[in-house]
Amino acid sequence: MVRLARSRHVAEFRRIFQDPILFIGLLLVVAFIALAILAPIWAMVKESWTADGRELFDRYLGSPVYRTIIRNTLQMGLLVATLGTVLGFVMAYIQVKVAVPFKRLFHLIALVPVISPPFAVATAVLLLFGRNGMISKGIFNERYDIYGLDGLTLVLTLSYFTIAYLNMHGMMMALDPALDEAATNLGASKWRIFRTVTVPMLIPGIAGSFLLLFVEAIADLGNPLVMGGNFEVLSTRIYVSIVGLYNTTAAAVLSVILLVPSLLVFVVQRYWISRTSVVSITGKPSGTPHQITHPLVRWPLFAVAMTVTGLVFLIYGTIFVGAFTQIINVNNTFTLEHFDFVINGYGSDAMKDTTQLAAIATPIAGVLGMLVAFLVARKKFLGRNALDFATMLGIAVPGTILGIGYLLVFNSAVEVTLPIIGTFTLIPKLTGGRAVFGGAAAIVLVFIVRSVPAALRSGVAALSQIDPSIEEASISLGADNFGTFRRITLPLVRPAFLSGLIYAFARSMTTISAIIFLTTPRTKIMTHQILNEVENGRYGNAFAYCVILILIVLAAITILSVAIGTSSGAEKTIEGGA
């Protein structure tokens, strides 16, 4: 048996070696994962396990203060994951299943948080509901202290519920209406159908959304810095260790502590998904979708959707108005000075640098994600699942941990000595002010690492819907793997490729936790500049940054949609043939 398995593995690799382009692609993917993902994580773990690190582990885990910080982090993560998943589920259910007006508006409003910096919501909420907030103090005359767990839960839930919404929306759209019809014909009530048919079919999506929101919440840095107050979490303590105390070992130890729950929920999620199979697309004739019209269900859910829409509209309206106001709620005179500061003044470098670096990282992340998806979904070789798992670590590992890992690995040049060639520089210094390209190369690498997992998952999902016999027919007709991928596979997965590119650009433009330690005076990033403006109380400049950033992301989405196309070749064939 062992010999047969070994022969099969050798034969699988031999088939890959026979195609030079596929072989080179596999080598590039492995090198990327080893260099950009695994090496920084390993360096961070190694740093935490030095003698000083082990002493800090004992001190932190035995200290009541740090135990409180760990408990705060987990408490915040669980609250945000629960509320964000419920909110995303309700908004998706209203969108797909309930007959209410303004559905298009609800959908657009639900997508807005994806294309804005995560702490833009926190800044606006402070101005609206803080101690001197326009609503809390101005209307209700209450000095409400929104700093702490309740404020963080509100802003993080509003910032990240879109992840659950998109996940649930896709799954609900794919549900076969024939299941509901069969249950109705058997005499089940609407509530019983919802409880025993709809919810069980969505359990993988609910679990996946909960776990993703948990990881995003405990890894978030910008919102706790703006709204945490005395409520400390691990991500802010890591930030203070690096920026305030210059103690890399302490930051590495705290990062390992933060890494444990992140990896734990990630492994649980993968285990859950691998054991759960809920098939809703069978290719057989399906029923006719029916929407809920009962007034006792329809109008309360409509009220919920209107409340969420009104709150999001109020928050982003505050950002927009604040960008054109001298000092919002103090001096409401119209001004364009904040935009002049960003476009023509100090902020112009950050705007140009961020857009250029995101534009460089986006196509690389999109192509790399599709390549890994092709290898994982279409090729069989030893280590395929490990390749998938290692790539997904880019999103499972909190951004602050990656940033610290990059500081440890790339803060000096990596030199190699060979017998004949001698000593040469394999990788130049990538981080810090004196780094190659002013530190821009490390930031682009982080952008790619954080974006590839989304492109990978989109690609795998799209490839799983395509019959492999189409590609096998292409190869049988003489095309090689690369030609088949370029002419057959890539056009069919075009919508997934587009979504991967859009996510990569939006994620690169709005990320902060992963690159906050990597920015240099020569390479400025907009989100870092926004955080600086918020910390210094210059909300007008921060809001102008946010408005311009959102406009840049919207323009990029439009350009990518026109350039790539939003439909696959298969859909065009059907339309043409109809």
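Residues numbered from 1 in each chain as written. Predicted model: local features only at pLDDT ≥ 70, side-chain atom pairs only at ≥ 80, totals over all residues. Heavy atoms only, no water.

Draft legend 1. Here's a closer look at the side chain of Thr391. Within the fold, Thr391 resides in helix α16 (residues 384-396). Beyond its immediate chain neighbours, meaning those up to four positions away, Thr391 contacts Ile33, Ile37, Val372, Val452, Pro453 and Leu456. (Helix = DSSP H or I, 4+ residues; strand = E, 2+ residues; numbered from the N terminus. Contact = heavy atoms within 4.5 Å.)

Draft legend 2. Highlighting the environment of Ile319. Within the element layout of this structure, Ile319 appears in helix α13 (residues 295-323). For Ile319, a relative accessible area of 2% gives the class buried. When neighbours within four sequence positions are excluded, Ile319 is seen to be in contact with Ala120, Ala124, Phe543, Cys546 and Val547. (Buried < 20%, exposed > 50% of the residue type's maximum accessible area, 1.4 Å probe, protein only.)

Draft legend 3. Molecular detail of the nonpolar core. One finds Phe32, Tyr406 and Met526 to be the most contacted residues of the largest nonpolar core, which totals 177 residues. With near-sequence residues (within four places) excluded, Tyr406 lies in contact with Ala36, Pro40, Asn411, Thr431, Ala442, Leu445, Val446, Val449 and Leu518. (Core = buried A, V, L, I, M, F, W, Y, C linked by side-chain atoms within 4.5 Å.)

Draft legend 4. How the structure looks around the pairing of strand β2 (residues 331-334). Pairing of strand β1 (residues 325-327) with β2, which is carried by two bridges, proceeds in the antiparallel orientation. Within β2, the position partnered with Thr325 by the bridge is Phe334. Hairpin connection of β1 to β2: three residues between the antiparallel strands, including Asn329 at a positive phi of 75 degrees. (Pairing = 2+ DSSP bridges.)

Draft legend 5. Geometry of the side chain of Ser241. Its location among the elements puts Ser241 in helix α11 (residues 234-243). Given the relative accessible area of 2%, Ser241 is considered buried. Contacts of Ser241, omitting those with residues within four sequence positions, involve Tyr246, Asn247, Ala250, Ala251 and Leu254.

Draft legend 6. Structural context of the environment of Leu456. You can see Leu456 is positioned in helix α18 (residues 440-464). You can call Leu456 buried: its relative accessible area is 0%. When the C-alpha atoms of Leu456 and Glu55 are compared, they prove to be 39 Å apart, with 401 residues separating the residues in sequence. Here Leu456 is in contact with Gly369, Val372, Ala373, Asp388, Thr391 and Met392, once residues within four sequence places are set aside.

Draft legend 7. Region of the structure containing the confidence of the model for the chain. Within the chain, residue pLDDT values average 82, and 91% of them lie at 70 or more. Considering each helix and strand of the chain separately, the mean pLDDT is smallest for helix α24 (residues 569-577), with a value of 45, and largest for helix α4 (residues 64-97), with 92. Predicted confidence for residues 571-578 stays below pLDDT 50, and this span has two contacts to residues more than four positions away or in other chains. (pLDDT = per-residue confidence, 0-100.)

Draft legend 8. Spotlight on the packing of helix α19 (residues 468-476) against helix α20 (residues 481-492). Two elements in contact, α19 and α20, have axes separated by 10 Å at closest approach and are oriented at 130 degrees. The orientation of α19 with respect to α20, classified from their angle, is oblique. Handedness of the α19/α20 crossing: right-handed. Residue-level inspection shows Ile470, Glu471, Ser474 and Ile475 of α19 in contact with α20, the latter providing Asn481, Thr484, Ile488 and Thr489. Class assignment of the residues belonging to the contact of α19 with α20 gives a composition of three nonpolar, four polar and one charged. (Axes fitted to C-alpha atoms, helices over the stretch in contact; angles between N-to-C directions. Parallel < 35°, antiparallel > 145°, perpendicular 65-115°, else oblique. Left-handed = near helix turned anticlockwise from the far one by under 90°. Nonpolar A, V, L, I, M, F, W, Y, C, P; charged D, E, K, R; others polar.)

Draft legend 9. Examining unusual backbone geometry more closely. The backbone phi angle of Phe102 is positive, close to 65 degrees, even though this residue is not glycine. Assignment of secondary structure puts Phe102 in the loop between α4 and α5 (103-111). In this structure, Asn141 takes a positive phi of about 55 degrees despite not being glycine. In this structure, Asn141 sits in the loop between α6 (120-129) and α7 (149-174).

Draft legend 10. Structural view of the pattern of salt bridges. Inspection of the entire model under this criterion finds four salt bridges. For the salt bridge of Arg131 with Asp145, the shortest nitrogen-to-oxygen distance reads 3.3 Å. A residue pair is termed long-range when its members are at least 10 positions apart, and Arg131 in the loop between α6 and α7 and Asp145 in the loop between α6 and α7 qualify at 14 residues. Close ionic contact of Arg507 with Glu216 constitutes a salt bridge, the shortest N to O distance being 3.2 Å. With Arg507 in helix α21 (residues 494-510) and Glu216 in helix α9 (residues 190-219), this pair connects stretches of sequence that are 291 residues apart. Given the relative accessible area of 15%, Arg507 is considered buried. (Salt bridge = Lys/Arg side-chain N within 4 Å of Asp/Glu carboxyl O.)

Draft legend 11. The arrangement of α11 in detail. Where burial is concerned, most of α11 is hidden: eight out of the ten residues are buried. The set of residues buried in α11 consists of Leu234, Ser235, Thr236, Arg237, Ile238, Tyr239, Ser241 and Ile242.

Draft legend 12. Just the packing of aromatic side chains, in detail. In the structure shown here, the tally under the stated rule is 16 aromatic pairs. Their ring planes at 70 degrees and their centres at 6.1 Å tell us that Phe89 and Phe194 sit as a pair that is edge-to-face. Here Phe89 is found in helix α4, whereas its partner Phe194 is found in helix α9, with 105 residues between them in sequence. Note on Phe89: relative accessible area 13%, which makes it buried. For Phe194, a relative accessible area of 18% corresponds to the buried category. An angle of 25 degrees between the planes, with centres 5.7 Å apart, marks the rings of Trp191 and Phe194 as stacked. Of this pair, Trp191 and Phe194 are both found in helix α9, three residues apart, which corresponds to roughly one turn of the helix. Given a relative accessible area of 55%, Trp191 falls into the exposed group. An aromatic cluster is defined as three or more aromatic residues linked by ring pairs; in this entry it consists of Phe89, Tyr93, Trp191 and Phe194. (Phe/Tyr/Trp six-rings, centres within 6.5 Å; stacked < 30°, edge-to-face > 60°.)

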